[in-house]
Amino acid sequence: MNTLFIYLKTTCKLFILLSIPLLFFSCNKNPQHRKTIDLSGYWQFQTTDGAEIVDINKTHVSFTDSIKLPGTTDLRKKGRLNTDTTTMHYNRVYKYVGPAWYQKTVVIPENWENKHVSLIMERTKSSKLWVDNQYIGQSAILQSPQQYNLTEYITPGKHTLTLCIDNRQELTPYGHVHIYSDDTQTNWNGIIGNFVLEASEKTRINSVQVYPNIEKGTITANILIDNPLKLDNIDIELKITQTNDGRTIYLPSKSYRVNTSPEIQLEYELGEHMALWDEYNCPVYTLNAIINTGQGKDNYAVNFGMRNFTTNGTQFEINGRTTFLRGKHDACVFPLTGHPPMTKEGWLKYYNKTKKYGINHVRFHSWCPPKAAFEAADEAGVYLQPELPFWGGMDSDSIAEMQKAEGYAMLKSYANHPSFVMFSPGNEIWSGHDRVEAYMTELKKYDDRPLYTIGSNCNIGYTPPRDYADFFVGARTPSPYGGDTILTHTRLTHAFADSKGGARLNTQTPSTNFDFSYPVSQIDMPIVSHEIGQYQIYPNYTEIDKYTGVVDARNLEVFKQRLKEKGMGQLDSAFQKASGAWSALCYKAEMEAAIRTNGFGGFQLLDLQDFPGQGTALVGILDAFMDSKNVISAEKWRQSCNDVTLLLMFDKYCWTNNETFTAKLKIANYSNKEMKGTIRWTASNTDGTTLNDGTIDNPGIKTGKLKNAGAIELPLASIEKASAINIHIEINETNYNNDYTIWVYPPAKQEETADVFIASTLDSLTMNMLKTGRKVLLMPSEEIADSNVVDGHFPPEFWNYGMFKQISENVGKPVSPGTLGLLMNPGHPVFNHFPTDYHTNWQWFSLVKASNPLKLNFTKHSYLPIIQVIDNLERNNKYGFLFEFNVEDGKLMVCMANLKNIMDKPEAAQFYRSIIKYMESDAFQPKNTIETEVLKKHLK
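These numbers were taken from a predicted model, which means no experiment stands behind them. (Residues numbered from 1 in each chain as written. Predicted model: local features only at pLDDT ≥ 70, side-chain atom pairs only at ≥ 80, totals over all residues. Heavy atoms only, no water.)

### Overview of the overall build of the protein
When you go through the protein residue by residue, the secondary structure sums to 15 helices and 52 strands. Relative to the 2.2 N^0.38 estimate, which gives 30 Å for 940 residues, the radius of gyration of the protein is 31 Å and therefore close to what a compact globule would have. Based on the C-alpha atoms only, the size of the protein along its principal axes is roughly 105 × 70 × 45 Å. The contacts of the protein with a sequence gap of at least 6 include a subset with a gap of at least 24, amounting to 72%. Surface exposure of the protein reaches about 34,600 Å², of which carbon and sulfur atoms provide 46%. (Helix = DSSP H or I, 4+ residues; strand = E, 2+ residues; numbered from the N terminus. Rg over C-alpha atoms; globule rule 2.2 N^0.38 Å. Contact = heavy atoms within 4.5 Å. Areas by Shrake-Rupley, 256 points an atom, 1.4 Å probe, with all protein chains shown as cover.)

Put into structure tokens, the structure is as follows:
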């Protein structure tokens with residue numbers, strides 16, 4: 001631990017080495033006085049079958065292999081060819097865990113005599129280093145560069161560098177963190193990113209930290225100096241450039257003569273060259289500090305931005321303007337490489353995709369991305385929340401010390417970047433909060449440029465913020481009644497294990513007329529809602545072919561085979577389309593609930609993209625490769641996730657034609673300009689026929705405001721038949737718009753029918769009707785064996801079925817039904833009088849909640865119900881909501897929703913009416929016959 005701390009304080013960057021002489025070259029832009037030797041290329045390599053070699057001088061390492069670095073053992077196909085299959089996550093093709101040895105001979109040039117020499121590895125795992133078989137030290141830094149001081153060991157000429165990189169997680173026991181989890185980036189061994197030997201003057205700059213003051217238009221450069229030569233004074237020159245949209249401005253340089261001390265603070269006035277950084281305008285400055293000792297020069301370059309990301313009450317501000325965080329969770333999912341991109345270009349591609357979907361913020365779940373990610377975010381205008389690598393209970397002083405070391409290294413390496421605005425100690429920390437508070441308080445005292453929080457969703461519920469916290473990330477706030485209540489929630493859906501019935505979306509009649517005002521009232525700092533959404537989407541198994549890198553999608557292959565065995569192998573695409581469209585609607589509800597809450601800080605989705613681990617949680621509208629699943633367009637998604645959002649607030653989605661639809665319009669303007677322009681609304685039928693329209697005057701909504709903008713009233717009397725009505729709202733001459741669908745029905749009433757016999761059980765009377773050729777509508781009211789049915793579940797399954805099924809059983813809570821919504825053909829004649837999509841929508845709530853879909857695995861593989869409930873990818877049961885058979889000489893329609901119990905709901909009465917009209921028509925001609933005994937067996 002002492003060695004680790006010494007190397008961390010000096011500056012941390014690290015990497016691996018081998019036996020082939022290397023070329024010498026200089027690498028920096030701007031004035032550059034440091035020289036580097038690139039260590040990329042082939043190294044001698046040896047694994048040790050998991051046995052750690054403590055001292056290379058006592059135990060011979062026989063190098064019989066080679067490996068190309070930078071790279072990982074997975075990328076270079078080293079270690080064990082993995083033939084195992086798990087459905088918990090995707091599967092590494094090659095797997096190695098343990099100490100791996102890397103060795104290389106380097107040639108140090110003559111002009112490196114009397115220089116300070118460092119070995120820098122940008123990103124690796126726990127490491128030990130030898131030079132010419134002399135042990136140098138070790139480091140366990142995971143999220144920042146490791147750096148070894150070789151000054152006393154390197155002289156001009158040949159030297160052998162030997163590295164032991166050890167990826168055993170017991171060396172860094174931080175929980176299931178995403179810096180090394182096989183659920184996401186994989187627990188690789190190796191070295192990635194910048195990998196060099198670096199030479200500088202012995203009296204040198206150790207680090208430069210830039211503190212902007214936008215009120216004064218100045219920066220303070222805090223320069224740490226290593227001065228082994230004991231020089232009394234030095235000359236320092238500050239050179240600054242500003243780059244924005246590809247254009248670079250060179251600012252006047254400034255020179256200083258200063259007394260040499262370990263820490264030097266210099267102020268530079270930007271004057272007319274000051275430009276503020278935010279998500280819209282992204283001027284990035286580069287400060288190059290150059291010292292002249294009289295014996296040589298040294299320089300150190302850092303990027304920074306002029307911005308002030310702060311809190312004001314319960315909201316965030318950027319440069320004094322209120323902003324709202326539209327965030328996504330990132331777990332380091334990069335299936336081709338198994339590790340994050342190490343280039344700015346790779347991260348720009350990532351951020352450009354997220355911004356296309358309206359995202360302006362990324363939370364890195366229990367990991368911190370590399371320098372290139374911050375550089376790209378600086379350029380793209382994205383607000384970042386990196387985290388320390390921890391997930392669990394902080395119950396160890398030694399682990400707390402390691403986390404503190406990681407924190408210092410992260411701040412030193414990345415806090416200059418304007419995109420680094422928030423800092424979290426980890427995910428769902430459930431104990432040891434005093435330890436966390438102690439080291440986070442130290443880190444904040446060391447560097448208060450980012451905002452700090454106590455962790456993301458601590459205690460997996462609510463734990464109050466500590467004094468050092470600036471903002472709160474959680475899924476709920478304190479309850480005045482104790483225990484779980486929707487009142488305190490900051491998202492619409494929870495697992496059944498965490499909230500009764502899965503919370504609001506599965507238990508409350510759909511509406512847009514609610515928000516999270518109560519949670520906001522309970523905490524005097526900004527709330528960022530934690531991991532909202534988590535709506536599972538069924539996979540399209542053609543995605544398997546995209547896995548051509550270090551991992552195979554064997555989990556998806558298992559699920560694909562299960563679906564095939566159930567006779568539905570051809571339905572994966574239809575399941576994805578229907579569950580995806582429904583999931584996107586649920587995400588719309590989640591995001592809009594947050595945005596329409598006055599004083600709310602923001603949200604963090606889980607996720608825009610799939611999470612391939614923890615039982616396979618395919619919760620993204622993008623797949624693991626950040627490619628669209630084609631379930632919703634980016635333009636449609638941005639209606640509910642944008643800097644300006646138009647929001648209709650109304651009590652219900654289902655109306656009768658003797659009512660007047662009324663809705664309030666709110667507009668959230670978190671853009672950088674006042675939002676003007678007339679607001680126009682249009683109500684139209686699904687065929688595009690306009691029913692009514694109107695305009696609302698808009699005197700202008702100032703930036704940072706959520707304002708009532710008027711109301712819409714739409715008399716529904718002219719709508720004589722059941723209809724789906726689209727309400728479109730837009731601000732003229734802008735791209736800001738939104739759409740809502742409502743359903744209008746005739747008033748609910750009991751339909752009489754002489755042609756159809758209505759039954760609630762397969763008793764002798766019902767069977768006699770079928771034997772005599774009658775039409776029968778069966779809506780079972782008796783209890784059916786639990787193994788044959790599933791409870792009606794409205795939203796798509798939360799996260800994944802297997803994980804929370806086990807958790808619920810372990811804590812004695814009900815298990816979620818685990819289904820993903822409905823699949824149907826809206827052109828089927830049974831829907832002639834009940835307009836529907838091919839997927840679940842809001843009008844189905846009361847129907848789904850009154851249902852117990854029947855497992856139809858006993859039917860032929862070719863048989864599909866009229867309305868099928870999509871099961872989760874683990875179970876793959878064929879559940880029927882509405883289905884028909886020929887039975888005896890009669891015709892049977894089975895509706896697994898007992899509509900008679902909910903006839904007061906206009907949608908239920910209309911669905912019943914539509915079924916009856918279909919059954920009365922000549923179109924009611926079931927194509928499949930079922931034996932009476934088979935039917936009775938499964939409906940009793």
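### What about the sheet that holds strand S44 (residues 723–731)?
Taken together, the 5 strands give an open sheet; going across it, the order is S39-S45-S44-S41-S42, and neighbouring strands pair in mixed fashion. Of all the strands in the sheet, just strand S39 (654–656) and strand S42 (690–696) have a single pairing partner and so form its edges. For this sheet the average axis-to-axis angle between neighbouring strands, irrespective of direction, equals 25°. (Pairing = 2+ DSSP bridges. Axes fitted to C-alpha atoms, helices over the stretch in contact; angles between N-to-C directions.)

### Some points on helix H3 (residues 371–380)
Where burial is concerned, most of H3 is hidden: 7 out of the 10 residues are buried. Restricting attention to buried positions, one finds in H3 the residues Ala372, Ala373, Phe374, Ala376, Ala377, Asp378 and Ala380. Looking at the buried positions of H3, the neighbouring elements they touch are strand S22 (284–292), helix H2 (344–356), strand S29 (383–385) and helix H4 (397–414). (Buried < 20%, exposed > 50% of the residue type's maximum accessible area, 1.4 Å probe, protein only.)

### Structural notes on the pattern of salt bridges
According to the stated counting rule, one finds 40 salt bridges in the structure shown. Across the salt bridge formed by Asp166 and Arg168, the nearest N and O atoms sit 2.6 Å from each other. One salt-bridge network, in which partners are shared between bridges, spans Arg34, Glu198, Arg204, Asp226 and Asp298. (Salt bridge = Lys/Arg side-chain N within 4 Å of Asp/Glu carboxyl O.)

### Focus: the side chain of His417
By secondary structure assignment, the location of His417 is in the loop between H4 and strand S31 (422–423). At 2.6 Å, the side chain of His417 forms a polar contact with the side chain of Asp378. The contacts of His417, once residues within four sequence positions are left out, are Asn303, Arg307, Lys371, Phe374, Glu375 and Asp378. (Polar contact = N/O pair within 3.5 Å; in protein donor to acceptor, adjacent residues only side chain to side chain.)

### Examining the nonpolar core
Judged by nonpolar contacts, the single largest core of 190 residues is most densely connected at Tyr351, Trp844, Phe881, Leu899 and Phe911. Counting residues per element, this core draws most heavily on helix H9 (residues 572–595), at 12 residues. Ignoring anything within four residues of it in the chain, the contact list for Tyr351 reads Val362, Phe364, Ala373, Ala376, Ala377, Ala380, Val382 and Leu384. (Core = buried A, V, L, I, M, F, W, Y, C linked by side-chain atoms within 4.5 Å.)

### Side note on a negative patch on the surface
Together, Glu888, Asp889, Glu931 and Glu933 make up a negatively charged patch on the protein surface. Take Glu888: it is sitting in the loop between strand S51 (879–887) and strand S52 (890–895). Classification of Glu888 by relative accessible area gives partly exposed; the value is 43%. (Patch = residues over 30% accessible without salt bridge, like charges linked within 9 Å, V, L, I, M, F, W, Y side chains within 5 Å. Lys, Arg positive; Asp, Glu negative; His and termini not counted. Charge placed at Lys NZ, Arg CZ, Asp CG, Glu CD.)

### Concerning the pairing of strand S10 (residues 116–124)
Counting buried positions along S10 gives 9 out of 9 residues, so the element sits mostly inside the fold. Of the strand pairs in this sheet, S10 and strand S15 (residues 190–200) are connected by 8 bridges, and their pairing is antiparallel. Residue pairing in the sheet places Arg123 in a bridge with Ile192 of S15. Where S10 lies against strand S13 (residues 146–149), 4 bridges are found, and the strand directions are antiparallel. In the sheet register, Ser118 faces S13, and the bridge partner there is Asn149.

### Digging into the sheet that holds strand S25 (residues 315–318)
If you trace the 3 strands from one edge of the open sheet to the other, you get S24-S25-S26, paired in antiparallel fashion. The sheet is open, and its two borders are formed by strand S24 (309–312) and strand S26 (321–323), each paired with just one other strand. Put simply, the sheet's adjacent strands are angled 45° from each other on average, direction ignored. Where S25 meets S26, 3 bridges bridge the pair, whose relative direction is antiparallel. Following the sheet pairing, Ile318 is matched in S26 by Arg321.

### Some details on the state of the cysteines
A complete count under the given rule lists 0 disulfides for this structure. Looking at the unpaired Cys586, the closest cysteine sulfur is the one in Cys654, lying at 15 Å. (Disulfide = S-S within 2.5 Å.)

### Looking at the environment of Glu797
Summarising the element assignment, Glu797 is placed in the loop between strand S47 (775–778) and helix H12 (801–810). When neighbours within four sequence positions are excluded, Glu797 is seen to be in contact with Gln534, Tyr535, Gln536, Ser816, Gly818, Thr819 and Leu820.

### Looking at the confidence of the model for the protein
In this model, the protein carries an average pLDDT of 94, and 95% of its residues clear a pLDDT of 70 or more. When pLDDT is averaged over each element of the protein, S29 comes out on top at 99 and strand S1 (residues 24–25) at the bottom at 29. Predicted confidence is poor over residues 1–30, with pLDDT under 50, and the contacts of this stretch with residues over four places away or in other chains come to 138 contacts. (pLDDT = per-residue confidence, 0-100.)

### Remarks on the packing of H2 against H3
For the pair H2 and H3, interaxial distance at closest approach is 8 Å and the crossing angle is 45°. Between H2 and H3, the crossing angle belongs to the class labelled oblique. You can see that H2 and H3 cross each other, and the crossing is right-handed. In this structure, H2 contributes Lys344, Trp347, Leu348, Tyr351 and Lys355 to the contact, and H3 contributes Ala372, Ala373, Glu375, Ala376, Ala377, Glu379 and Ala380. (Parallel < 35°, antiparallel > 145°, perpendicular 65-115°, else oblique. Left-handed = near helix turned anticlockwise from the far one by under 90°.)

### Digging into unusual backbone geometry
Each neighbour pair has its own omega, and for Leu69 with Pro70 the value is -5°, a cis peptide bond. Within the fold, Pro70 resides in the loop between strand S4 (65–69) and strand S5 (71–72). Here the bond from Leu606 into Asp607 is cis, since omega is 0°, no more than 30 degrees from zero. The residue Asp607 is located in the loop between strand S37 (602–606) and helix H10 (634–637) in this model. If you check the backbone angles, Asn459 has positive phi at about 65° while not being a glycine. Checked against the element boundaries, Asn459 lands in the loop between strand S33 (451–452) and strand S34 (472–474). On the basis of relative accessible area, Asn459 is assigned to the partly exposed category, the value being 33%.

### A word on the packing of H4 against helix H5 (residues 433–446)
Where H4 contacts H5, the axes come no closer than 10 Å and their chain directions differ by 20°. Between H4 and H5, the interaxial angle falls into the category roughly parallel. Regarding H4 and H5, the two cross each other, and that crossing is right-handed. Side by side, H4 and H5 meet where Asp397, Ala400, Gln403, Lys404, Gly407, Tyr408, Leu411 and Lys412 of the first sit next to Arg435, Tyr439, Glu442, Leu443 and Tyr446 of the second.

### Notes on the packing of aromatic side chains
As enumerated under the stated definition, the model contains 53 aromatic pairs in all. Aromatic ring contacts, followed pair by pair, group Trp582, Phe650, Tyr653, Trp655, Phe661, Tyr740, Trp743, Phe794, Trp842 and Phe845 into a single cluster. The cationic tip of Lys254 hangs over the ring face of Tyr268; the distance from NZ or CZ to the ring centre is 5.9 Å. The cationic tip of Lys577 hangs over the ring face of Tyr838; the distance from NZ or CZ to the ring centre is 4.7 Å. (Phe/Tyr/Trp six-rings, centres within 6.5 Å; stacked < 30°, edge-to-face > 60°. Lys NZ or Arg CZ within 6 Å of the ring centre and 35° of its normal.)

### With respect to the environment of Asn360
Inspection of the secondary structure puts Asn360 in the loop between H2 and strand S28 (361–364). In the structure, Asn360 is positioned 22 residues away from Val382 in sequence and 5.1 Å away in space, judged by C-alpha atoms. The contact partners of Asn360, leaving out residues within four places of it in the chain, are Glu279, Thr323, Phe324, Leu325, Arg326, Val382 and Tyr383. Among the polar contacts listed, one links the side chain of Asn360 to the backbone oxygen of Phe324, at a separation of 3.1 Å. Here the side chain of Asn360 touches Arg326 through a polar contact of 2.8 Å, landing on its backbone nitrogen.

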